[in-house]
Amino acid sequence: MTDLLEPRAIGRDLARRDGVAKVRGTATYAFETPVEHPAYAHPVQATVARGRVTAVDTSAAEALDGVLVVLTPSTAERLASTDDAELAVLQTDEVGFRGQLVGVVVAETSELARQAADLVRVAYEERQHDSVLSVDRDDLYAPEQVNAGHETDTAEGDVGAAMASAAVALERTYSTAMYHNNPLEPHATTALWDPAAEVPLTLWDSTQGVHPDRATVCRVLGLEERQVRVVCPYIGGGFGSKGTPHANVVLAAMAARALPGRPVKLALTRQQMFSLAGYRTPTIQQVQLAADRSGRLSAIAIDVVEQTSRIKEFAEQTGVPTRMMYASPNRRTTHRLAALDVPVPSWMRAPGECPGMFGPEVALDELADELGLDPVDLRIRNEPEVDPETGKPWSSRHLVECLREGAQRFGWADRPAPRHRDGAWLVGTGVASSVYPTMRQATSTARIRYADGRYVAEIGAADLGTGTWTTLPQVAADALGVDVDDVEVRIGDTEYPIASVAGGSSGLNTWGSALVVAAREFRGKFGRRPEDGDEATGDVDQAAQDEDHAAYAFGAQFVEARVHADTGEVRVPRLLGVFACGRIVNPRTARSQFVGGMTMGLSMALHENSVWDPQVGQVANHDLAEYHVTVNADVGDVQAHWLDEHDPYVNAMGSKGIGEIGIVGTAAAVVNAVHRATGVRVRDLPVTLDKLLTGLD
Amino acid sequence: MKPFAYARPGSVAEAVRDVAAEPAAVFLAGGTNLVDHLKLGVARPDLVVDVRTLTSREISDLPDGGLRLGAASTNSEVAADRRVRERYPVLAEALLAGATGQLRNTATTGGNPLQRTRCVYFQDVTTACNKRDPGSGCSAVGGYTRHHAVLGVPAALPDPTAPETCTATHPSDMAVALAALDAQVQVLGPAGERTIPFADLHRLPGDDPSRDTVLEHGELITALDLPPLPAGARSAYRKVRDRASYAFALVSVAAVVTADGPGSSTVRIALGGVAHKPWRATRAEQVLRGGPLTEDAVRAAMAAELAAAQPQPGIDGGNGFKIPLLTRTVVATLRELVEATR
Ligand SMILES: Cc1cc2nc3c(=O)[nH]c(=O)nc-3n(C[C@H](O)[C@H](O)[C@H](O)COP(=O)(O)OP(=O)(O)OC[C@H]3O[C@@H](n4cnc5c(N)ncnc54)[C@H](O)[C@@H]3O)c2cc1C
């Protein structure tokens with residue numbers, strides 16, 4: 001048990017501290033960093049999906065006035081570490097996917113760099129590429145583990161036997177599409193290599209973690225941490241794609257090192273982000289459910305097939321939520337990968353949970369249909385008393401309460417009959433559950449100093465638009481027992497103590513815990529009347545850590561969908577979510593995380609789809625005109641509510657993390673609502689009108 | 001981006017002369033399409049001649065009761081014009097269904113019908129495309145065909161390596177309405193002025209997919225004329241797309257219905273998103289001429305129109321869904337127009 005902080009600043013609806021600067025445009029993002037006399041870099045990308053670079057002719061590019069440097073696989077510096085093939089930029093002639101970096105041009109202006117990059121002639125020996133994901137491939141393999149260190153496969157009991165003997169057995173295949181994170185701010189870096197300086201390399205990089213970013217860059221370039229500084233006060237979104245540095249960061253550093261003393265700016269274009277900045281793998285999910293007539297599950301299983309790049313493995317943990325979500329004596333989860341000639345997949349908001357709560361949550365709806373049960377009741381009937389995976393008690397689990405409160409707020413009981421028609425529109429409602437593990441990272445340190453009557457806390461944390469600039473002062477204020485206006489928190493710079501990545505919805509849990517330890521240290525050393533310059537630090541690993549409970553946030557999402565009876569167009573006028581995520585530190589920034597997550601879930605349900613073209617070997621619709629993200633006109637009434645949940649086990653704030661759970665389950669709820677409206681069950685995302693037309697009369 | 005010279009001459013005549021004199025010259029209007037293409041390397045002109053402030057921005061009444069839209073009038077201005085909204089709702093609706101407010105404030109009457117296809121391969125210079133790079137082949141065959149043509153394409157599956165292969169669609173909404181309105185295009189070229197019926201402005205790929213229209217190099221659109229519609233005519237535009245706004249049409253329908261007498265009416269139908277040009281559904285119009293506009297009659301008419309339609313196989317099932325979708329959308333659009341006429 002942890003002593004929860006007495007919430008005074010915590011829980012207050014404070015406006016963003018960085019809001020004014022952002023609205024006024026004075027908040028500087030990586031590419032805009034004011035530097036003296038910058039040069040501009042533009043990448044050259046492979047135009048074959050697999051093969052070898054046989055020759056690079058840079059003469060036309062170099063002949064242009066104002067071109068400063070052209071780097072190719074044969075002229076680029078040799079990197080200290082090439083273990084990570086994604087980051088082994090320009091180290092080999094081999095091309096592992098279309099769009100891979102094969103060169104870079106640095107010039108006086110960005111236009112010139114782009115023009116010169118077009119003039120670099122690359123000759124290839126092209127090989128047959130293979131980029132089609134399917135369950136029938138004979139080269140599917142089991143990775144050693146899946147993302148976040150989870151086991152690849154788990155099994156308990158005998159799913160096959162349970163399926164054979166159950167009153168109702170359901171076996172279905174679902175698929176989610178390939179998705180690209182597409183933050184508004186592109187991946188961008190301003191890099192300065194000044195060999196004579198005390199800190200020779202400075203990267204103003206758009207990153208979800210300056211310290212992890214620096215660690216990777218140091219490893220790849222063979223530099224000491226004290227030789228590199230990474231700065232990132234503001235991020236225009238990342239959703240995971242800026243959680244680990246991608247090839248563009250290494251390229252920017254290499255370009256700067258080729259031009260000592262001159263800052264070099266590199267921003268990926270939107271098109272380039274479709275091959276260089278990570279993405280969510282498409283998934284194929286074979287789901288099995290067995291139940292008795294009352295809806296009690298006797299088996300639940302998910303067998304996942306997904307892809308990774310041949311040059312680097314990333315295994316999304318899609319099957320993981322099925323391990324703990326519902327009670328069932330027989331259970332199985334597996335992950336199989338195809339290693340293809342495709343770009344390298346990576347983190348995207350709620351890796352694992354987001355795709356993994358699609359198939360099973362639709363399958364439950366199909367089961368409810370077969371049993372003639374209310375899908376809310378079906379979920380409640382399968383509520384596990386303890387974590388089915390570990391047998392541990394829950395630190396707190398209020399899924400049932402979320403379902404009930406959501407149903408009540410949404411008006412679920414009065415929902416229209418199947419295929420209800422309102423004018424030209426068919427109307428239906430649907431539900432699905434949400435879940436996200438409560439995490440805390442092992443490393444993070446906060447330093448608190450007293451200066452001029454104020455407390456200044458420093459920690460190299462990140463605010464990727466989530467509200468960290470605002471919420472960390474709330475935590476620090478309560479930990480110190482002072483007014484929030486007396487606290488300043490500084491983040492986004494490796495000059496500040498080490499902090500973990502903003503990922504896994506763990507940021508506040510981790511950095512807040514370090515702040516609480518530091519505040520305790522500070523008060524222990526200096527009491528309540530400190531003097532100027534008094535300073536203390538605290539590490540997250542000194543915070544109380546509970547090992548005895550399974551800690552997760554839960555939620556329930558309700559959707560009203562309307563389908564045009566003539567054209568099959570889908571509109572979603574209502575999305576309502578109720579979440580149980582521990583204590584909410586700031587309702588204002590929390591609400592935008594929930595609403596943003598749910599909207600992104602809607603986008604996944606109806607619109608987003610990186611259309612993979614296996615003939616060309618790239619994403620066909622690689623810009624925001626063709627890669628559709630839900631727009632305002634698609635978004636109706638989106639409501640996020642939360643329970644007042646008190647969890648004494650997770651951390652001193654009582655917080656569970658809220659950045660990702662909003663996107664979990666939404667797409668399933670939409671599919672379930674569309675089914676209720678039309679009778680058509682769409683098992684392959686996105687739900688586009690062509691999949692509904694044949695079912696409309 | 002390739003460097004180019006930029007010119008803003010003093011008159012339309014000079015602009016035409018400048019472009020005619022330079023083989024790699026283009027006109028620039030709002031730039032919402034051309035500037036993207038300059039950045040992507042899809043357009044690689046040596047000279048860009050800005051006509052935005054040279055052609056007329058006026059929307060003026062014509063003696064026959066029609067309207068003249070100056071080439072520089074913006075899509076927003078035309079959509080908001082009271083005369084357009086009252087007399088040609090199909091045009092106002094088509095414009096408002098296109099792009100976004102910001103784009104419509106910049107896009108022009110002259111530029112909109114001349115915007116180029118959104119085919120993803122046309123826009124990506126690293127892939128083969130006969131329209132962008134004649135003779136290089138067509139990457140869309142068996143590829144991403146969701147936004148591609150089903151009408152005006154060869155009966156057999158096109159050959160990806162043949163130089164004439166192109167299944168691109170014309171993306172403009174405005175142009176579909178103009179086709180249904182029998183607009184006239186006023187053109188000034190090196191050889192003087194000429195008028196082109198809108199239906200003849202755009203072409204099918206034929207043996208030269210690189211050419212979208214019949215305009216010759218150096219020919220400038222100066223205005224579009226809208227002839228008056230018969231008394232009592234009703235018109236509407238219906239666009240079906242993958243999201244509620246800011247998306248190109250999967251299919252669209254521009255329809256004009258005039259009641260000729262009890263149980264008889266004349267219909268004009270133009271279809272968007274389905275062919276290399278805005279597709280005037282003349283066969284369907286013929287079938288419907290003089291008869292009652294019942295849903296069965298409309299379905300039969302569309303069956304005749306779509307008899308030669310060719311779905312293009314491709315990723316995610318290709319674009320065969322457009323064929324039933326077209327019929328359903330036409331039926332719904334005419335149903336609403338007829339109900340409104342009653
Ligand atoms: C993201 C996005 C979404 C969009 N969505 C839609 C949509 O849903 N529906 C839709 O209809 N459109 C849509 N558009 C396209 C938009 O409508 C066109 O870009 C616009 O209408 C072009 O007009 P412009 O004046 O900007 O033309 P420009 O870009 O200036 O020119 C286009 C072409 O016409 C030529 N040209 C221009 N004026 C003349 C003239 N007077 N005589 C001869 N040649 C001329 C130019 O040389 C060029 O080849 C979208 C555009 C974008 C970028």
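As the structure is a prediction and not an experimental result, all values here were calculated from the model.

### Re the overall build of chain A
In terms of helices and strands, chain A carries 16 helices and 27 strands. Against the 2.2 N^0.38 benchmark of 26 Å for 697 residues, chain A shows a C-alpha radius of gyration of 26 Å, consistent with a compact globule. With the C-alpha coordinates aligned to their principal axes, the bounding extent of chain A is approximately 75 × 70 × 50 Å. Within chain A, buried positions represent 65% of all 697 residues. The long-range fraction of contacts in chain A, counting pairs at least 24 apart against all pairs at least 6 apart in sequence, stands at 82%. Carbon and sulfur atoms make up 46% of the accessible area of chain A, which totals about 24,000 Å². Positive and negative side-chain charges in chain A, numbering 64 and 95 respectively, have mean positions lying 3 Å apart.

### Some thoughts on the sheet that holds strand β8 (residues 220-226) of chain B
Within a sheet, each strand pairs with its neighbour through backbone hydrogen bonds, oriented either parallel or antiparallel. Residues and elements named next belong to chain B. Strands sit in the order β4-β5-β8-β6-β7 across an open sheet of 5 strands; the sheet is antiparallel. On the outer flanks of this sheet lie β4 (59-61) and β7 (192-197), each paired with one strand and no other. Put simply, the sheet's adjacent strands are angled 25 degrees from each other on average, direction ignored. Strand contacts of helix α1 (residues 12-21): β6 (184-189) and β8, with the helix running at about 70 degrees to β6, the strand carrying the most contacts.

### A short note on the domain arrangement of chain A
Residues and elements named next belong to chain A. Once the domains are mapped, chain A shows domain 1 (33-127 + 182-276), domain 2 (130-180 + 278-365), domain 3 (392-440 + 545-697) and domain 4 (445-542). A separation of 37 Å is found between the C-alpha centroids of domain 1 and domain 3. Facing the 7 residues of domain 1 at the interface are 11 residues of domain 3. Roughly 780 Å² of surface becomes buried between domain 1 and domain 3 when both sides are summed, with 68% attributable to carbon and sulfur atoms. Summed over the three residues of domain 1 that lose the most area to domain 3, namely Arg98, Gln271 and Phe274, the buried surface amounts to 63% of that side. Linking domain 1 to domain 3 there are 0 salt bridges. Where domain 1 meets domain 3, there are 2 residue pairs in polar contact (both at pLDDT 80 or more). When grouped by side-chain class, the residues that make up the side of domain 1 that touches domain 3 number 3 nonpolar, 2 polar and 2 charged.

### Observations regarding the sheet that holds strand β15 (residues 330-340) of chain A
Residues and elements named next belong to chain A. One open sheet holds the 5 strands; their spatial order is β7-β15-β14-β13-β8, and the pairing between them is mixed. Strands at the two margins of the open sheet, each flanked by one partner only, are β7 (154-156) and β8 (168-176). Adjacent strand axes in the sheet meet at a mean angle of 15 degrees, parallel and antiparallel pairs treated alike. Packed onto the sheet, helix α9 (residues 359-371) meets β8, β13 (283-291) and β14 (297-309) and runs at close to 145 degrees relative to β8.

### A few points about the interface of chain A and chain B
Between chain A and chain B, the residue contacts involve 40 residues of the former and 37 residues of the latter. Looking at the side of chain A facing chain B, the largest losses of area belong to Asp566, Glu626 and His628 of chain A, adding up to 17% of the total buried there. Taken together, the connections running from chain A to chain B amount to 4 salt bridges. Across the salt bridge formed by aspartate 566 of chain A and arginine 335 of chain B, the nearest N and O atoms sit 3.0 Å from each other.

### A look at the domain arrangement of chain B
Partitioning chain B into structural domains gives domain 1 (5-49) and domain 2 (234-341). Centre-to-centre, using C-alpha coordinates, domain 1 of chain B lies 36 Å away from domain 2 of chain B.

### Quick look at helix α3 (residues 110-119) of chain A
Of all the residues in α3 of chain A, the buried ones are Leu112, Ala113, Gln115, Ala116 and Ala117 of chain A. Looking at the buried side of α3 of chain A, the elements it contacts are β1 (39-45), α2 (59-63), β3 (67-71) and β5 (101-107) of chain A.

### Topic: the pattern of salt bridges
All names here are of chain A. The full count for this structure, using the stated rule, is 62 salt bridges over all chains. Between arginine 50 and aspartate 341 there is a salt bridge, and its shortest N-O distance comes to 3.7 Å. With arginine 50 in the loop between β1 and β2 (51-57) and aspartate 341 in the loop between β15 and α8 (353-356), the pair connects residues that are 291 residues apart, well separated along the chain. By relative accessible area, arginine 50 is classed as partly exposed at 27%. Judged by relative accessible area, aspartate 341 falls into the buried class, the value being 1%. Close ionic contact of arginine 490 with glutamate 458 constitutes a salt bridge, the shortest N to O distance being 3.2 Å. Here glutamate 458 lies in strand β20 (residues 454-458) and arginine 490 lies in strand β21 (residues 487-490), a separation of 32 residues in the sequence. We classify arginine 490 as partly exposed; its relative accessible area is 25%. Accessibility expressed as a relative area gives 5% for glutamate 458, which makes it buried.

### Points about the site of the ligand
Near the ligand you find 32 residues, and of these Phe27, Gly31, Thr32, Thr108 and Asp173 of chain B are the closest. Neighbouring residues of the ligand are distributed over chains A and B. Note that a nitrogen atom of the ligand is positioned 2.7 Å from one of the side-chain N or O atoms of aspartate 173 of chain B. Within the residue set of the shell around the ligand, elements represented by two or more residues are β2 (25-28), α2 (34-40) and β8 of chain B. Class assignment for the residues of the shell around the ligand results in 15 nonpolar, 12 polar and 5 charged. Formed jointly, the shell around the ligand draws a minimum of three residues from each of two domains, domain 1 (5-49) and domain 2 (234-341) of chain B.

### Digging into the side chain of serine 309 of chain A
All names here are of chain A. Examined against the element boundaries, serine 309 turns out to sit in strand β14. Judged by its relative accessible area of 2%, serine 309 falls in the buried class. Among the polar contacts made by the side chain of serine 309, one reaches the main-chain carbonyl oxygen of valine 342 at a distance of 2.9 Å. Not counting residues within four places of it along the chain, the set of residues in contact with serine 309 comprises Ala339, Leu340, Val342, Pro343, Val344 and Pro345.

### Some points on the packing of helix α14 (residues 587-606) of chain A against helix α15 (residues 666-678) of chain A
Residues and elements named next belong to chain A. At a closest axis distance of 7 Å, the pairing of α14 and α15 adopts a crossing angle of 50 degrees. Taken together, the axes of α14 and α15 lie oblique to each other. Between α14 and α15 lies a crossing whose hand is right-handed. Side by side, α14 and α15 meet where Met598, Gly601, Leu602, Met604, Ala605 and Leu606 of the first sit next to Thr666, Ala667 and Val670 of the second. In terms of residue class, the contact of α14 with α15 is made up of 7 nonpolar, 2 polar and no charged.

### Focus on the side chain of threonine 281 of chain A
Residues and elements named next belong to chain A. By the secondary structure assignment, threonine 281 is in the loop between α7 (270-276) and β13. A polar contact is formed between the side chain of threonine 281 and the backbone nitrogen of glutamine 307, at a distance of 2.9 Å. With sequence-adjacent residues up to four places away left out, threonine 281 is seen in contact with Ala177, Met178, Glu306, Gln307, Glu316 and Pro345.

### Digging into α15 of chain A
All names here are of chain A. Given a rise of 1.5 Å per residue, 13 residues ought to cover 18 Å, and the 18 Å separating the end C-alpha atoms of α15 matches this to within 8%. Taking burial as the measure, the 13 residues of α15 include 13 buried ones, the bulk of the element. One or two positions beyond α15, positive phi appears at glycine 679, with a value near 80 degrees.

Conventions we followed
Residues numbered from 1 in each chain as written. Chains lettered and ligands numbered in written order. Predicted model: local features only at pLDDT ≥ 70, side-chain atom pairs only at ≥ 80, totals over all residues. Heavy atoms only, no water. Helix = DSSP H or I, 4+ residues; strand = E, 2+ residues; numbered from the N terminus. Rg over C-alpha atoms; globule rule 2.2 N^0.38 Å. Buried < 20%, exposed > 50% of the residue type's maximum accessible area, 1.4 Å probe, protein only. Contact = heavy atoms within 4.5 Å. Areas by Shrake-Rupley, 256 points an atom, 1.4 Å probe, with all protein chains shown as cover. Lys, Arg positive; Asp, Glu negative; His and termini not counted. Charge placed at Lys NZ, Arg CZ, Asp CG, Glu CD. Pairing = 2+ DSSP bridges. Axes fitted to C-alpha atoms, helices over the stretch in contact; angles between N-to-C directions. Domains from an automatic or database assignment. Buried area = accessible area lost by both parts, 1.4 Å probe. Salt bridge = Lys/Arg side-chain N within 4 Å of Asp/Glu carboxyl O. Polar contact = N/O pair within 3.5 Å; in protein donor to acceptor, adjacent residues only side chain to side chain. Nonpolar A, V, L, I, M, F, W, Y, C, P; charged D, E, K, R; others polar. Near = heavy atom within 4 Å. Parallel < 35°, antiparallel > 145°, perpendicular 65-115°, else oblique. Left-handed = near helix turned anticlockwise from the far one by under 90°. Expected span 1.5 Å × (residues − 1).

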